[in-house]
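# Examination of the molecular architecture
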Amino acid sequence: MKNERGFSLIELLLVVVVIGIIATLAVPALQKATRAAENGNTFATMRTMSSTQMSFMSQNGRFARLAELNSASSNALGTVSGLQLVRGKFVFEMPGTPTDTDLRGRYTITATRNVATEGVVYKYEIDQSGELRQILP
């Protein structure tokens, strides 16, 4: 009888199948956990925005626009792009173009995550009450 060394083809195929099954189960769970972490980071950012808004209001007699809010936070909230603020996969906006008069009594900030390859849009909203609401999905 020969001294055989190495693995048979069946053993190698079995290992590949087991790895494929594990990957099939693990990848969706990893993607879900990543989205949950990004959403949690966005909640924290929106709460930071809310507390910064209150500070801005007490100093200026009105709430801040996103660029002013980011500036008051030492640009830690994200990157300003026009009237939007971008942080990770989320885009923060204030509906419409609020005037100073509008901002004396209220504000609303929305955070939208719309990644075309995922097929799910996440949208959250916070206002002067500090209440964080899920709009979508």
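Residues numbered from 1 in each chain as written. Predicted model: local features only at pLDDT ≥ 70, side-chain atom pairs only at ≥ 80, totals over all residues. Heavy atoms only, no water.

With that settled, consider the nonpolar core. Soluble, globular proteins show a tendency: their nonpolar side chains are buried together. Formed by 19 residues in total, the largest nonpolar core has its most connected members in Met-49, Leu-66, Leu-69, Phe-92 and Ile-109. Listed by contribution, the elements that provide at least two residues to this core are helix 1 (9-60), helix 2 (66-72), strand 3 (90-93), strand 4 (108-114) and strand 5 (121-127). (Core = buried A, V, L, I, M, F, W, Y, C linked by side-chain atoms within 4.5 Å. Buried < 20%, exposed > 50% of the residue type's maximum accessible area, 1.4 Å probe, protein only. Helix = DSSP H or I, 4+ residues; strand = E, 2+ residues; numbered from the N terminus.)

The next thing to look at is the pattern of salt bridges. A full pass over the atoms with the stated rule returns nine salt bridges. The partner of Arg-62 in a salt bridge is Glu-68, and the shortest N-O contact between them spans 2.7 Å. Owing to a relative accessible area of 13%, Arg-62 belongs among the buried residues under this scheme. Accessibility expressed as a relative area gives 25% for Glu-68, which makes it partly exposed. (Salt bridge = Lys/Arg side-chain N within 4 Å of Asp/Glu carboxyl O.)

Take unusual backbone geometry next. Here the residue pair Leu-136 and Pro-137 is connected by a cis peptide bond, since its omega of -5 degrees sits within 30 degrees of zero. Within the secondary structure, Pro-137 is located in the segment after strand 6 (132-136). Phi is positive for Ser-74, which is not a glycine, with a value near 55 degrees. Inspection of the secondary structure assignment puts Ser-74 in the loop between helix 2 and strand 1 (79-81). Given a relative accessible area of 64%, Ser-74 falls into the exposed group. Positive phi values are uncommon outside glycine, yet Asn-75 reaches one of about 60 degrees. Since its relative accessible area comes to 54%, Asn-75 is described here as exposed.

This part is about the confidence of the model for the protein chain. Per-chain confidence: the protein chain averages 93 in pLDDT, with 99% of residues scoring 70 or above. Looking over the protein chain, one finds the lowest element-wise mean pLDDT in helix 1, namely 94, and the highest in strand 3, namely 97. (pLDDT = per-residue confidence, 0-100.)

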